[in-house]
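Spelled out from the first residue to the last, the chains are:
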Amino acid sequence: DGDGDGGGGAAKRARTASGAAAVAAELRAQWTKAARALTNQIIKREQAVPFLYPVDSSVYPMYYTLIKSPMDLHTVLDKLDAGKYATLEQYAADVRLIWQNCYQFNATDSPICEWARALSELFETRLGDIERRLAERERKLAAAAA
């Protein structure tokens, strides 16, 4: 195959690429499952009610004038289910956008901002747990594939 190893180099590279793809697919499946579970955990909280669905513009007519990138928890779930997130970071950015939009639209000391802060704290704690588990799993899979 031109690499001077008697033809084995290309086969080894193909196995390595195949192994890397399998590792990536398994990790994606794991973080997607964990992200779905985390989102559902947040949805079950009483404080999450204002963040479940898109803001009703008939109730808050100025919302979409001020908020240019709206996001809500059910849209996040829909995007997870549709495979729209390529990375855990993309998912986390959308969840954080929910809280950022809340802080931008509402008074800082309002109850809804307090709820957003509590949910954000829960989210960040659990997200850190997910990231640690994924990093450990990735190390194990990489070692097994080597």
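Our structure's up above, just so we're on the same page.
Everything numeric in this text was worked out from a predicted model, so none of it was measured.

Caption draft 1: Spotlight on helix 5 (residues 111–145). The end-to-end C-alpha distance of helix 5 is 50 Å, a good match for the 51 Å that 35 residues give at a rise of 1.5 Å each. By the burial criterion, the buried members of helix 5 are Cys 113, Ala 116, Leu 119, Ser 120, Leu 122, Phe 123, Leu 127, Gly 128, Ile 130, Leu 134 and Leu 141.

Caption draft 2: Looking closely at the packing of helix 4 (residues 88–105) against helix 5. Remark: helix 4 packs on helix 5, axes separated minimally by 9 Å, with the N-to-C direction vectors making an angle of 170°. One element, helix 4, and the other, helix 5, form an angle in the roughly antiparallel class. Both helix 4 and helix 5 take part in a crossing whose hand is left-handed. Of the residues in helix 5, those in contact with Leu 88, Tyr 91, Ala 92, Val 95, Arg 96, Trp 99, Cys 102 and Tyr 103 of helix 4 are Ile 112, Cys 113, Ala 116, Arg 117, Leu 119, Ser 120, Phe 123, Glu 124, Leu 127, Ile 130, Glu 131 and Leu 134.

Caption draft 3: Representation of helix 4. The terminal C-alpha atoms of helix 4 lie 26 Å apart, and with 18 residues this matches the ideal 26 Å at 1.5 Å per residue to within 8%. Buried residues of helix 4: Leu 88, Tyr 91, Ala 92, Asp 94, Val 95, Leu 97, Ile 98, Trp 99, Asn 101 and Cys 102, and no others.

Caption draft 4: Layout of the layout of surface pockets. Of the pockets and cavities examined, the largest pocket occupies roughly 270 Å³. If you go around the largest pocket, you meet 18 residues; those closest to its centre are Pro 50, Phe 51, Val 55, Tyr 63 and Ile 112. Listing elements by their share of the lining of the largest pocket, those giving two or more residues are helix 2 (63–66) and helix 4. Partitioned by chemical class, the residues of the lining of the largest pocket number 14 nonpolar, two polar and two charged.

Caption draft 5: Expanded view of the pattern of salt bridges. What the rule picks out here adds up to seven salt bridges. With a closest N to O distance of 2.7 Å, Glu 26 and Arg 137 form a salt bridge. Of the two residues, Glu 26 is situated in helix 1 (residues 8–43) and Arg 137 in helix 5; the sequence distance between them amounts to 111 residues. Arg 36 is paired through a salt bridge with Asp 81; the nearest N and O atoms lie 2.8 Å apart. In this pair, Arg 36 is assigned in helix 1 and Asp 81 in helix 3 (residues 73–81), connecting sequence segments 45 residues apart. Arg 36 gets classed as partly exposed once you look at its relative accessible area, which sits at 27%. Where salt bridges share partners, they join Glu 136, Arg 139 and Lys 140 into one cluster.

Caption draft 6: Focus on the nonpolar core. Core analysis: the biggest nonpolar cluster contains 34 residues, and Ile 42, Tyr 91, Trp 99 and Phe 123 have the highest contact counts within it. Secondary-structure elements contributing two or more residues to this core are helix 1, helix 3, helix 4 and helix 5. With nine residues, helix 5 is the largest single contributor of residues to this core. Look past the residues within four positions of Trp 99 in its chain and what remains in contact with it is Ile 42, Phe 51, Ala 116, Leu 119, Ser 120 and Phe 123.

What counts and how
In this numbering scheme, every chain counts its residues from 1 along its sequence in written order. In keeping with the predicted nature of the model, local features appear solely for residues at pLDDT of at least 70, side-chain atom pairs appear and are counted solely at 80 or more, and the whole-chain, interface and lining totals rest on all residues. Only hydrogens and water are set aside; all other atoms, that is, all heavy atoms of the structure, feed into the side-chain values. Counting from the N terminus, the helices are DSSP H or I runs at least four residues long and the strands are E runs at least two residues long. Here a helix's expected span is defined as the number of its residues, less one, multiplied by 1.5 Å. For every residue, the accessible area obtained with a 1.4 Å probe (protein chains only) is divided by the maximum for its type, and the residue is called buried under 20%, exposed over 50%, and partly exposed between those limits. Axis lines are fitted to C-alpha atoms, over the contacting stretch for helices. Their N-to-C directions set the angle, which ranges from 0 to 180 degrees. An angle below 35 degrees is treated as roughly parallel, one above 145 as roughly antiparallel, one from 65 to 115 as roughly perpendicular, and anything else as oblique. Here a crossing is called left-handed whenever its near helix is offset anticlockwise from the far helix by less than a right angle, and right-handed whenever the offset is clockwise. Note on definitions: a residue-residue contact is assigned when non-hydrogen atoms from the two residues lie within 4.5 Å. In this analysis, the protein atoms alone were mapped onto a 1 Å grid. Cavities are point sets where a 1.4 Å probe fits without being able to get out; pockets are open sets with protein on both sides within 12 Å along at least five of seven lines; lining residues have an atom within 4 Å of a point. Grid points are joined across faces, edges and corners, and a volume is the space filled by probe spheres set on the points. Three classes are used, and their members are as follows: Ala, Val, Leu, Ile, Met, Phe, Trp, Tyr, Cys and Pro are nonpolar, Asp, Glu, Lys and Arg are charged, and the others, Gly among them, are polar. A side-chain nitrogen of Lys or Arg and a carboxyl oxygen of Asp or Glu constitute a salt bridge if their distance falls within 4 Å. To define a nonpolar core, start from buried Ala, Val, Leu, Ile, Met, Phe, Trp, Tyr and Cys residues and group those joined through side-chain atoms within 4.5 Å.

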